[in-house]
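# Coordinates in review
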Amino acid sequence: MFVRPDNWNEMSPLERRSARLDAWQNAPVQFVNPEAEAAYKVRIERLRKIYDMEPHDRPIADPFMGASEYIVRRKGVQGTDLVYNHEKLREPLLEFHREFQPDVAVGVLPYPGRSWDLLDFKLYLWGGQKLPDNLVIQAVEGEYMMPDEYADFIADPTAFWLKQYLPRAYGALAPLAMLPDFPKISESVDTIDLLLPFGMPPFQEMLHKMMEAGNELMKTLGIVGQTGAMIAAEGFPAMGLNIVKTPFDYLGDTLRGTKGILMDMYRRPNELLAACEAYVPVLIKSIVGSCDRSGAPTAFYVLHKGADAFMSQAQFEKFYWPTWKQVMMALYEEGIISYLFIEGSYNKRLENLAQMPDKSLVCHFDQTDMGPVKEILSDKFIITGNVPASLMSAGTTDEVRAYCDNLVELFEDAPAYILAHGCYFENTTDDKLRAFMDAVKK
Amino acid sequence: MSQELIDAITEMREEDVVAITNQLLDEGVAPTDILMACKQAMDVIGKRFEEGDAFIPELILAGEMMTSVTDILKPRMAEESTSDKLGKIVIGTVQGDIHDIAKDIVAFMLDLNGFDVTDLGVDVPPEKFVETVQDTGATIVGLSGFLTLAFDPMKDTVAAFKAAGLDDVKIMIGGGQIDENIRQYTGANAYGRDAMAAVDLAKSWV
Ligand code: B12
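Values in this document were obtained by computation on a predicted structure and should not be read as measured data. (Residues numbered from 1 in each chain as written. Chains lettered and ligands numbered in written order. Predicted model: local features only at pLDDT ≥ 70, side-chain atom pairs only at ≥ 80, totals over all residues. Heavy atoms only, no water.)

## A look at the overall build of chain B
Let me state the cut-off plainly: Comment: elements are numbered from the N terminus, with helices defined as DSSP H or I runs of at least four residues and strands as E runs of at least two. Partly exposed residues are those whose accessible area sits between 20% and 50% of the maximum for their type, while under 20% is buried and over 50% is exposed, using a 1.4 Å probe and protein chains only. The criterion used for residue contact is that any of the two residues' heavy atoms lie within 4.5 Å. Neither His nor the chain ends contribute to the count of charged residues, in which Lys and Arg are positive and Asp and Glu negative. By convention, charge coordinates are those of NZ in Lys, CZ in Arg, CG in Asp, or CD in Glu.
Helix and strand content of chain B: nine helices and five strands. Helices and strands appear in chain B in the N-to-C order α-α-α-α-β-α-β-α-β-α-β-α-β-α. Taking the principal axes of its C-alpha atoms as reference, chain B extends roughly 55 × 35 × 30 Å. Evaluated residue by residue, chain B yields a buried proportion of 46% over its 206 residues. Taking as baseline every contact in chain B between residues at least 6 positions apart, the subset at least 24 positions apart corresponds to 71%. For chain B, the separation between the mean place of its 16 positive charges and that of its 37 negative charges on side chains is 5 Å.

## Some words on the sheet that holds strand β6 (residues 337-342) of chain A
The strands making up a sheet associate through backbone hydrogen bonding, with each pair oriented either parallel or antiparallel. Residue and element names in this part refer to chain A. Condition: Whether two strands pair depends on DSSP finding at least two bridges between them.
One open sheet holds the seven strands; their spatial order is β1-β9-β8-β7-β6-β5-β4, and the pairing between them is parallel. For this open sheet the edge positions go to β1 (60-61) and β4 (242-244), each flanked by a neighbour on one side alone. Pairing of β6 with strand β7 (residues 361-365), which is carried by five bridges, proceeds in the parallel orientation. Bridged to F341 within β7 is H364.

## Some remarks on the site of the ligand
Test applied: The cutoff for a nearby residue is simple: one of its non-hydrogen atoms must lie within 4 Å of the molecule or strand. Polar contact criterion, stated in full: a pair of N or O atoms within 3.5 Å, where within protein one must be able to donate a hydrogen and the other to accept it, and residues adjacent in sequence count only if both atoms are side-chain atoms. Charged residues are taken to be Asp, Glu, Lys and Arg, nonpolar residues to be Ala, Val, Leu, Ile, Met, Phe, Trp, Tyr, Cys and Pro, and polar residues to be all remaining types, Gly included.
Near the ligand you find 41 residues, and of these Q138 and Y424 of chain A together with I98, H99 and D100 of chain B are the closest. Residues within reach of the ligand are spread across chains A and B. Measuring from a nitrogen atom of the ligand, one finds a side-chain N or O atom of Q138 of chain A at 2.6 Å. For the shell around the ligand, the secondary structure elements donating two or more residues are β3 (137-139) of chain A together with α5 (101-112), β3 (140-144), β4 (170-174) and α9 (195-205) of chain B. Counting residues per element, the shell around the ligand draws most heavily on α5 of chain B, at four residues. Of the residues assigned to the shell around the ligand, the class counts are 22 nonpolar, 13 polar and six charged.

## Structural notes on the coordination of the cobalt atom of the ligand
The condition is simple: A donor here means an N, O or S atom no more than 2.8 Å from the metal, or no more than 3.2 Å when the metal is Na, K or Ca. Since water is not included, a site may seem to lack partners.
Among protein residues, the single donor to the cobalt atom of the ligand is H99 of chain B (NE2), with a metal-donor distance of 2.3 Å. For H99 of chain B, the location among the structural elements is in the loop between β1 (88-93) and α5.

## Some thoughts on the pattern of salt bridges
Residue and element names in this part refer to chain A. Applied cut-off: The salt bridge definition used is simple: a Lys or Arg side-chain nitrogen within 4 Å of an Asp or Glu carboxyl oxygen.
The final tally for this structure, using the stated rule, is 44 salt bridges over all chains. Across the salt bridge formed by D120 and K122, the nearest N and O atoms sit 3.0 Å from each other. Overall, the relative accessible area of 38% leaves D120 in the partly exposed class. A salt bridge links K305 to D253, with the shortest nitrogen-to-oxygen separation between them at 2.5 Å. One end of the pair, K305, is in the loop between β5 (298-303) and α15 (313-333); the other, D253, is in helix α12 (residues 247-256), with 52 residues separating them in the sequence. For K305, a relative accessible area of 5% gives the class buried.

## Describing the environment of V29 of chain A
Residues and elements named next belong to chain A. Inspection of the secondary structure assignment puts V29 in the loop between α1 (13-25) and α2 (34-52). When the C-alpha positions of V29 and T384 are compared, they lie 27 Å apart, and in sequence the two are 355 residues distant. When near neighbours in sequence (up to four residues on either side) are disregarded, V29 contacts Y40, A232 and A233.

## Focus on the interface of chain A and chain B
Using the following cut-off: Accessible surface is computed with a 1.4 Å probe, and the buried area is the amount of it that two parts give up when combined, taken over both parts together.
Taken together, the 30 residues of chain A in the interface contact 25 residues of chain B. For the pair chain A and chain B, the summed buried surface comes to about 2,300 Å²; carbon and sulfur atoms form 58% of the total. Considering only the surface of chain A that becomes buried against chain B, K259, Y266 and S390 of chain A emerge as the three largest contributors, covering 23% of it. For the interface between chain A and chain B, the tally reads four salt bridges. Across the pair R267 of chain A and E14 of chain B runs a salt bridge whose closest N-O atoms are separated by 2.4 Å.

## Quick notes on the domain arrangement of chain B
A common way to report how large an interface is uses the accessible area buried once the components associate. Residues and elements named next belong to chain B. What counts here: The start and end points of each domain follow an automatic or database-based domain assignment.
Domain boundaries in chain B define domain 1 (2-76) and domain 2 (83-204). Here the C-alpha centre of domain 2 lies 27 Å away from the C-alpha centre of domain 1. Facing the 10 residues of domain 1 at the interface are seven residues of domain 2. Of the roughly 790 Å² buried between domain 1 and domain 2 on both sides combined, carbon and sulfur atoms contribute 84%. Interface area lost by domain 1 to domain 2 is led by F49, E50 and L59, which between them contribute 51%. There are zero salt bridges connecting domain 1 and domain 2. The set of elements that each furnish at least two residues to the side of domain 1 that touches domain 2 consists of α3 (31-50) and α4 (56-73). No other element matches the six residues that α3 contributes to the side of domain 1 that touches domain 2. When the residues that make up the side of domain 1 that touches domain 2 are grouped by side-chain class, the tally is five nonpolar, two polar and three charged.

## Side note on the pairing of strand β2 (residues 116-119) of chain B
Residue and element names in this part refer to chain B. Applicable threshold: Handedness of a crossover is defined as follows: with both strands directed away from the viewer, a clockwise route from the first strand across the helix to the second makes it right-handed.
Two strands pair when backbone bridges link them, and β1 and β2 are joined in this way by four bridges, in the parallel orientation. From the neighbouring strand, K88 faces β2, where its bridge partner is D116. Handedness of the crossover is the feature at issue here: the chain leaves β1, passes through α5, returns alongside β2, and the resulting connection is right-handed.

## Considering the side chain of S338 of chain A
Within the fold, S338 of chain A resides in strand β6. In this view, S338 of chain A contacts A299, Y301, M328, L331, S360, L361 and V362 of chain A; residues no more than four positions away in its chain are not counted.

## Structural notes on the packing of aromatic side chains
Each pair of aromatic rings is reported with the distance of its centres and the angle of its planes. Residue and element names in this part refer to chain A. Spelled out, the test is: Ring geometry is summarised as follows: Phe, Tyr and Trp rings, the Trp one being its six-membered ring, pair when their centres sit within 6.5 Å, and such pairs are stacked at plane angles under 30 degrees, edge-to-face over 60 and tilted between the two. Our definition puts a charge over a ring when NZ of Lys or CZ of Arg is within 6 Å of the ring centre and also within 35 degrees of the ring normal.
Evaluation of the coordinates by the stated rule reveals 26 aromatic pairs over all chains. For the pair W161 and Y165, a centre-to-centre distance of 4.5 Å together with 45 degrees between the ring planes defines the contact as tilted. Of the two residues, W161 and Y165 both sit in helix α9 (residues 157-169), four residues apart, roughly one turn of that helix. Residue class for Y165 comes out buried when judged on its relative accessible area of 6%. When the centroid spacing of 4.6 Å and the interplanar angle of 0 degrees are considered together, the rings of F411 and Y417 count as stacked. The burial state of F411 is the same as that of Y417; both residues are buried. The structure contains a cluster of three or more aromatic residues connected by ring pairs, namely Y144, F153, F160, W161, Y165, Y250 and Y279. Looking at R434, its charged tip hangs above the ring of F100, at a distance of 4.5 Å from the centre.

## A word on the packing of helix α6 (residues 90-100) of chain A against helix α11 (residues 201-233) of chain A
Residues and elements named next belong to chain A. The line we're drawing: Helix axes are fitted only over the stretch in contact, all axes being lines through C-alpha atoms; the angle between N-to-C directions runs from 0 to 180 degrees. Note on terminology: angles under 35 degrees are roughly parallel, angles over 145 are roughly antiparallel, angles of 65 to 115 are roughly perpendicular, and the others are oblique. Handedness of a crossing is defined here by the sense of rotation of the near helix relative to the far one, left-handed for an anticlockwise turn of less than a right angle and right-handed for a clockwise turn.
Their axes nearest at 10 Å, the elements α6 and α11 cross at an angle of 15 degrees. Comparing their axes, α11 and α6 come out roughly parallel. In this structure, α6 crosses over α11, and the sense of that crossing is right-handed. Residue-level contacts link R90, L93, L94 and H97 of α6 to I223, Q226, T227, M230 and I231 of α11. Here the residues of the contact of α6 with α11 sort into five nonpolar, three polar and one charged.

## A word on the sheet that holds β3 of chain B
All names here are of chain B. Spatial strand order, β2-β1-β3-β4-β5: five strands in an open sheet with parallel pairing. Pairing within the sheet leaves two strands with one partner each, and these edge strands are β2 and β5 (190-191). Against the sheet, helix α6 (residues 126-136) engages β1, β2 and β3, with an angle of about 160 degrees to β1. The sheet strands contacting helix α7 (residues 151-163) are β3 and β4, and the helix crosses β3 at an angle near 165 degrees.

Written as structure tokens, this is what we have:
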């Protein structure tokens, strides 16, 4: 929970950024012993210096993006355990931290399998459900908004989400479509409209299912929260993440599907643009709200359809960038850092990113050429990523070491650099992971 | 008139394409001539893609426009002969993986460059690749995959060809995280970074 100081309105964006980072850095932790506390301090101060782009003793290595599955899989954890058996993750995670002494805490994303079962979640398949036990989750694309529904979305994105999208995405939530239009509940008799669905058996049944699913979720969160606290207690600081997307990707990934949205650029460009614009205020409010609630100083973007391969630079600058930039600028004003996980390559988009104010971004690259990244972005932003998943999976330890050494050397004189993978992988070896983590310690 | 069709396609005017095709047929233009015009238009779009001036949206839309034209022409045409093709290729996304956008683009570019392409779709098991090569007599196979979990199915597919005694079939792989490391790991003949690389590799093998 982040509480704004009294003089918030007089503070500059960078002062607000510092206030959020201070709150994160000073959050109370119960340590197992004084050594753990001292180690935590060293780690979190180094990380803070990196986030402030100030001089520090060495870069850090963050295995989260690449190795988070491997670090539990190496102890026999299966894909299905990440979805159903969250208590099985605790020991492997603690063992990993004790054995490898990472620079930051490495978590595993927990998926609420039991809640999904109860709600008949359609957007994914998962291990132990329709996928074999060794797999975690797999997105299934669908058209959750039909082309002729753009107008509904543009008129009221929140109502669309509540009454059209959620009933399709979760089978058990179909009765949400019965909800009234809230902004017209005003006069005495409108209470009838407001409550009517709540009196109907299918709606009531849905509410019971939701409560049951909520109870299951609390169990999962309890286990995960406890594991996180234990990792912190042993000396490893974590930076929470709020996962978000760009307006174009919410529309493309979730509502229209990849092919759908790419065709919409030709078939209904004006509606697509209007829908992206309708998203902006909704997203700003919701991201600021979740950063306040969680206390995490960053919004973590997974970036999909703006990559080099997906569209021309002109299309990017027309459809993808403007509304995204508006959101990021608003977050910057609020002191929130945009952490960009840039899937695929962004070789042509670096100049766009460079338009953002200093220290507003962390840029995490997958396959983008890192030479130009160094040139164009490394004085302004925190840079990370690019160690290939293929190398971690199928390369030798020497190859991993050489690749990481090169990256560390390339960014030697950059103000803020974090060594990280470009993409996750299931398989590697402890030796390769150690070679990756040691590359920053030379 | 067929220049108008070519322009409509290369300018991505989807609705005009259908109208012009119908108009050409009404005027008595032979379906094969209309197809020739489409082919010319596709060549233009393919060139643009190669030169970095067209991207996935244009290729998907071009594919859709081609489908609507051939749907109109099909009832009026005899089977297309494949005798003048450069060679036969079987392509698909490997088992466990459903990423098909890139695979479709590779198939499109191979087709455009004169290959007879059999597209097996997504989540294709190794046996299916082998059977299809046996049935079609294809000499080249393209495996696409985006997941790290696709590395092993790719390896298994390469092994399945060896096991079936089809050692002469050339296998190329590509997609997201695929690179030279994975080529070595899977034992494929080559890896291609993009659809142009797929075309170059295929041409070098026929
Ligand atoms: C779009 C997308 C999806 C869409 C796919 C839609 C579709 N119909 O294809 C959806 C949403 C369905 C999807 C699902 C999943 N995805 Co996905 N997806 C992507 C994304 C964003 C883009 C991939 C793409 O289409 N690129 C566009 C192509 C055209 O670009 P390109 O690579 O430059 O294409 C060229 C080359 O690849 C080459 N090529 C391709 N094939 C071949 C073949 C040959 C023979 C040759 C020579 C060349 C060649 O030529 C192409 C054309 O020039 C990538 C991230 C990324 N940017 O790579 C993740 C990504 C591939 N997905 C990923 C994941 C994890 C998944 C899911 C498991 C999701 C999840 N967590 O829910 C599921 C898996 C589903 C499954 N069983 O396959 C991960 C894979 C990570 C890993 N370690 O395996 C990635 C890398 C994202 C990430 N960083 O985490 N995904």
